[in-house]
Amino acid sequence: MLNLPDHVTIKEVGPRDGLQNEAKEIPTENKVTWINLLSETGLSSIEISSFVHPKWIPQLKDAAQVAASIERKPAVTYAALVPNQKGLEAALTADVDEVAVFMSASETHNLKNINKTIHETFPVLQNVVQTAKREGKQVRGYVSTVFECPYDGKTSQDQVLRISDRLLRMGIDELSMGDTLGTADPKQVDEALVYWKKHLSLENMAMHFHNTRGMALANIVVSMQHGITTFDASLGGLGGCPYADGATGNLATDDLVHMLHKMGIHTGIDEAALKKAADYMQRVLGKPLPSHGMQILNKERV
């Protein structure tokens, strides 16, 4: 018997994590329209952009314009990634509902991604978290490469725990654990969660799977059996990490919602509205989106 939840929360990361690797510059108005369509789907959380320096992620240089232009729904939390105090100031000016800080569980990926060692990253994030909390914002903490690093190989789970504990003690509200390369398998996820819950509460933990090897949905099922009920996903399967070669794409929101609904698990999300939003971004990008749902839709049109 599968031990499954009645309801799962899906956090949409497509406008940030999904678009950050796209080489073609996407006009701000298209991003705004897409986020507005996502707001009509029943999603409760949408990560709209990242307040990083344009030198690092040129695609997201219009974060402030996007935040100022979207039509905000009261039932939706609009989040943004921030790397440091300057990014936080911009996010606060844009009045996002939630800020997300990020770091890696592996040293080399952290250096490539943040240009700092893990030790150097902690005080930067401490200041961001404390300031954001004082301003009444929800704070999320992403930990990347929790299973494997493209540079350092397998990640030490003791290291994952040390970093997670430090972020939680800073005062973050939720911890998102990232399979950045998309190489984790269900057995590996099971073993990690068994180990983590000996030391951490899973109540405020989310899982962030990439689907490089096609194992993300299987990993979701294993995670749910351990009590995880919050998952990150990107509509259409867009995305990947710019500092991890081979991390081809995020778990697709539309595929995840379809699986959960087939299993009788509620999400509050309208699949038809999701399809409309995915189809819009597919036309903007001028290429088919990789999710199974969009592949089926595209074949039906031929």
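Coordinates for the structure precede this section.
In this report, we go over the structure that sits alongside the text. (Residues numbered from 1 in each chain as written. Predicted model: local features only at pLDDT ≥ 70, side-chain atom pairs only at ≥ 80, totals over all residues. Heavy atoms only, no water.)

1. Looking at the side chain of Thr180
To keep things clear, this is the line we draw: Secondary structure elements follow DSSP: runs of H or I no shorter than four residues count as helices, runs of E no shorter than two count as strands, and numbering proceeds from the N terminus. Partly exposed describes any residue whose relative accessible area lies between the buried limit of under 20% and the exposed limit of over 50%, with all areas from a 1.4 Å probe on protein chains only and scaled to the type maximum. Here a polar contact is recorded for every N or O atom pair within 3.5 Å, except that within protein the pair must consist of a potential hydrogen donor and a potential acceptor, and residues adjacent in sequence are included only if both atoms are side-chain atoms.
Tracing the sequence through the fold places Thr180 in the loop between β8 (174-179) and α8 (186-196). A relative accessible area of 6% places Thr180 in the buried class. Side-chain polar atoms of Thr180 contact the backbone nitrogen of Thr145, separated by 2.8 Å.

2. Focus on the nonpolar core
Put simply, the rule is: By nonpolar core is meant a set of buried Ala, Val, Leu, Ile, Met, Phe, Trp, Tyr and Cys residues that side-chain atoms within 4.5 Å join together. The contact criterion used throughout is that any non-hydrogen atoms of two residues lie within 4.5 Å.
If you look at the biggest cluster of nonpolar residues, it comprises 90 residues, and the most contacted ones within it are Trp196 and Met205. Looking at this core, the element that brings in the most residues is helix α11 (residues 271-285), giving seven residues. In this structure Met205 touches Leu175, Met177, Leu193, Trp196, Leu200, Ile228 and Thr230, once residues within four positions along its chain are discounted.

3. Observations regarding the pattern of salt bridges
Two side chains with opposite charge may pair up if their charged atoms get near one another. For the record, the criterion: A pair is scored as a salt bridge if a Lys or Arg side-chain nitrogen falls within 4 Å of a carboxyl oxygen belonging to Asp or Glu.
Within the structure shown, the criterion is met by 17 salt bridges. Salt-bridge contacts for Lys31 lead to Asp62; the nearest nitrogen and oxygen are separated by 2.9 Å. Of this pair, Lys31 sits in helix α2 (residues 28-39) while Asp62 is found in the loop between β2 (45-50) and α3 (63-69), placing the two residues 31 residues apart along the sequence.

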